[in-house]
Amino acid sequence: MPDSQFLFLNRLVREFVAQNNTVQIKHVIQTLSQEFALSQHPHSRKGGLIGLAACSIALGKDIVTESNKFDLVGFIPLLRERIYSNNQYARQFIISWILVLESVPDINLLDYLPEILDGLFQILGDNGKEIRKMCEVVLGEFLKEIKKNPSSVKFAEMANILVIHCQTTDDLIQLTAMCWMREFIQLAGRVMLPYSSGILTAVLPCLAYDDRKKSIKEVANVCNQSLMKLVTPEDDEPDEPKPVVQKQAEPNPDDSLAKQEGTASGGPDGSCDSSFSTGISIFTPASTERAPVTLHLDGIVQVLNCHLSDMGIGMMTRIAVLKWLYHLYIKTPRKMFRHTDSLFPILLQTLSDESDEVILKDLEVLAEIASSPAGQMDDPGPLDGPDLRGSHSELQAPTPGRAGLLKTPGTKGLECSPSTPTMNSYFYKFMINLLKRFSSERKLLEVRGGFIIRQLCLLLNAENIFHSMADILLREEDLKFASTMVHTLNTILLTSTELFQLRNQLKDLKTPESQNLFCCLYRSWCHNPVTTVSLCFLTQNYRHAYDLIQKFGDLEVTVDFLTEVDKLVQLIECPIFTYLRLQLLDVKNNPYLIKALYGLLMLLPQSSAFQLLSHRLQCVPNPELLQTGDGLKAAPKSQKADSPSIDYAELLQHFERVQKKHLEVRHQRSGRADHLDRRVVL
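This is a predicted model, so every value here is computed, not measured. (Residues numbered from 1 in each chain as written. Predicted model: local features only at pLDDT ≥ 70, side-chain atom pairs only at ≥ 80, totals over all residues. Heavy atoms only, no water.)

Within the protein chain one finds 34 helices and zero strands. For the protein chain, the residues scored as buried account for 48% of the 682 residues in total. The long-range share in the protein chain, meaning contacts at least 24 apart out of those at least 6 apart in sequence, stands at 74%. A total accessible area of about 34,100 Å² is found for the protein chain, and carbon and sulfur atoms account for 53% of it. (Helix = DSSP H or I, 4+ residues; strand = E, 2+ residues; numbered from the N terminus. Buried < 20%, exposed > 50% of the residue type's maximum accessible area, 1.4 Å probe, protein only. Contact = heavy atoms within 4.5 Å. Areas by Shrake-Rupley, 256 points an atom, 1.4 Å probe, with all protein chains shown as cover.)

This is the structure we're talking about:
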């Protein structure tokens, strides 16, 4: 069709519009449509389309806006079908139509937004800048309408679409979808909870983005925080679950997958594929509005577990996962403890993370698991891992009859420390597995062992931690590890500010609980002779310390042994043992303290530690010069007598037995080494 004919048709239709001659307008359009646009001849068809374009231009937004018979319901399926076209001209035409329809006051496109939203996000990824800009405008207008009329928005039907596009590699699409997700969570509230697993799969990786994707990271962080706030204690199960009638209108959101036209299909719920592969659900509008929202943790925990297990995931994402786990254990403990057995191994593994911040958050979760009342079980069942030695019941703290430490009848067993009721069935399991991890991963013990134990002492009860670890180490078969672990625990006990209260409790041994704790620690501390002496110094059992040092003559004195004695001498000069140094002024009442220190001096070679201790002992005053008039008449009683309830003779025998085992193991190891050397020579 020549330009003259195009202009003629355009002018003709304008005249009909001016005359309000709708009959002639319909006649022109019908003729162009049926006789030309639908013709089999390509040139006629082309002319008809150009003629219809001329009519459209002459008529303007009047085709739709001035018609009372426009079939929007019938038009939307056509729009939804054509919106997935890859042709740029078609996309531009579709966007123009949506802009026109969106501007008409009497047409509410929000009702049909779920049907075209996915296609709009796909058009947003078009290569043409103009089309992308037009699509941004359309999406922006829709979001404004959603904020104005949230009550009429079908949030649930669009949640899956946003989850899909929040995981795309296109920055503009991802940022736009994440902004929509932020508004959805804040506007719809708990309606979004059933889609938490999908949202977390999309949001969590974004938290580890660098400054190149700072905008996406910031929006994702808001989404994450807003979603977390939706979980409340009301989402947990009651203390005594009651039978509930299953509502047919409320489907399980973790059992269905989103299926969108023109998009990749998803995988199983909770998987961590970079593409959309998370279980997300589709609620019908009726069920979303009428049925109460129920929080299903299966999918959420699976996603969190998956991200925490991925060692390639970023630090901030791992921290966010641990914050989620902690939040869920606080808000919904009874539901969460169903998943503890599956989470426990990965939480222990996370203790080897390179980041101190990750380890701190991990310890917070483990501490909450170990102390929550919801974790108390009558029968905790077998422990994780096939290589654990014995069951939970076999590793319970020994009773007084087994230990043979206390003379006083009726004294509570070692497991009955004052704060034990605050711990649950998982506490002892945690201690066992933590020591197992230290045993199998010695680098973790050397680099982070002290840090981990100190933080646990802040999060949990320090007495319970030392009591349980000492009890477990008492039956440790790897004697070298037991000695190393005891040395680590002893260093923490004597030097850490976190253990100040526990040191004061042990210093006087005034209560049955403190005496029980001392006996429990002593029996395990016997794996390391020097730490045993330092424990006696801490508890002011100077006579027993002297008796122990006398036994050192029967031990195999090694370089490591002398090094530990050297460190103990250095420790005596620290503020921790200020009271001990002051007691050297009271020579008459502390003779065994002086004898014990002289015993250490005799063990040391001529070294800097020898000189240090020697100078200290030279400062001990002559008792004759310190006597007052009253002192000449009657010598005062000892400031601290041995506790009558502790069988020190049995403790000394136990020390000898343990050290004998260590000597046998060393000789066996040495014999194997000699045998190997001989084989090499041969």
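Right, let's get into the nonpolar core. Within the largest apolar cluster, 181 residues are counted, with the highest numbers of intra-cluster contacts made by Leu-120, Trp-180 and Phe-537. The two domains that each donate at least three residues to this core are domain 1 (297-374) and domain 2 (425-621 + 645-673). For Trp-180, the residues in contact, after removing those within four places along its chain, are Leu-113, Leu-117, Phe-121, Leu-139, Phe-142, Leu-143, Ile-146 and Leu-162. Listed in part, the 10 residues of the second largest apolar core include Leu-9, Val-13, Ala-54 and Leu-59. (Core = buried A, V, L, I, M, F, W, Y, C linked by side-chain atoms within 4.5 Å. Domains from an automatic or database assignment.)

On to the packing of aromatic side chains. Scanning all chains against the criterion turns up 14 aromatic pairs. Each ring, one from Phe-155 and one from Phe-184, has its centre 4.9 Å from the other, and the planes form 90°; the classification is edge-to-face. Taken together, the residues Phe-155 in helix H9 (residues 155-165) and Phe-184 in helix H10 (residues 171-188) connect sequence positions 29 residues apart. Of the two residues, Phe-155 and Phe-184, neither departs from the other in class, the shared state being buried. (Phe/Tyr/Trp six-rings, centres within 6.5 Å; stacked < 30°, edge-to-face > 60°.)

Now for the side chain of His-165. Tracing the chain through its elements places His-165 in helix H9. Residue His-165 is classed as buried on the basis of its relative accessible area of 7%. Those residues within four positions of His-165 in sequence are excluded, and the remaining contacts are Asp-118, Phe-121, Gln-122, Ile-173, Gln-174 and Ala-177.

Below, the discussion takes up the pattern of salt bridges. Scanning the model with the defined rule gives 24 salt bridges in all. Glu-237 is paired through a salt bridge with Arg-338; the nearest N and O atoms lie 2.2 Å apart. Highlighted residues: Glu-237 in the loop between helix H12 (214-229) and helix H13 (285-290) and Arg-338 in the loop between helix H16 (333-336) and helix H17 (340-349), separated in sequence by 101 residues. Its relative accessible area of 60% is what places Arg-338 among the exposed residues. Overlapping salt bridges, with partners in common, bring together Lys-147, Arg-182 and Glu-183 in one network. (Salt bridge = Lys/Arg side-chain N within 4 Å of Asp/Glu carboxyl O.)

On to the packing of helix H21 (residues 442-459) against helix H22 (residues 462-473). Their axes nearest at 7 Å, the elements H21 and H22 cross at an angle of 130°. The orientation of H21 relative to H22 falls into the category oblique. For the pair H21 and H22, the contacting residues are Ile-453, Leu-456 and Cys-457 in the first and Ala-462, Ile-465, Phe-466 and Met-469 in the second. Classifying every residue of the contact of H21 with H22 by side-chain character gives seven nonpolar, no polar and no charged. (Axes fitted to C-alpha atoms, helices over the stretch in contact; angles between N-to-C directions. Parallel < 35°, antiparallel > 145°, perpendicular 65-115°, else oblique. Nonpolar A, V, L, I, M, F, W, Y, C, P; charged D, E, K, R; others polar.)

Next up on the list: helix H11 (residues 196-203). Taken across its eight residues, H11 has eight buried, putting it largely inside the fold. Taken residue by residue, H11 has Ser-196, Ser-197, Gly-198, Ile-199, Leu-200, Thr-201, Ala-202 and Val-203 as its buried positions. Turning to H11, the residues buried within the fold contact H9, H10, H12, helix H14 (297-309) and helix H15 (315-331).

Looking now at helix H23 (residues 479-495). Between its first and last C-alpha, H23 extends 24 Å over 17 residues, near the 24 Å set by a 1.5 Å rise per residue. When you tally the buried positions in H23, you get 12 out of 17 residues, the bulk of the element. Among the residues of H23, Leu-479, Phe-481, Ala-482, Ser-483, Met-485, Val-486, Thr-488, Leu-489, Asn-490, Ile-492, Leu-493 and Leu-494 are the ones counted as buried. (Expected span 1.5 Å × (residues − 1).)

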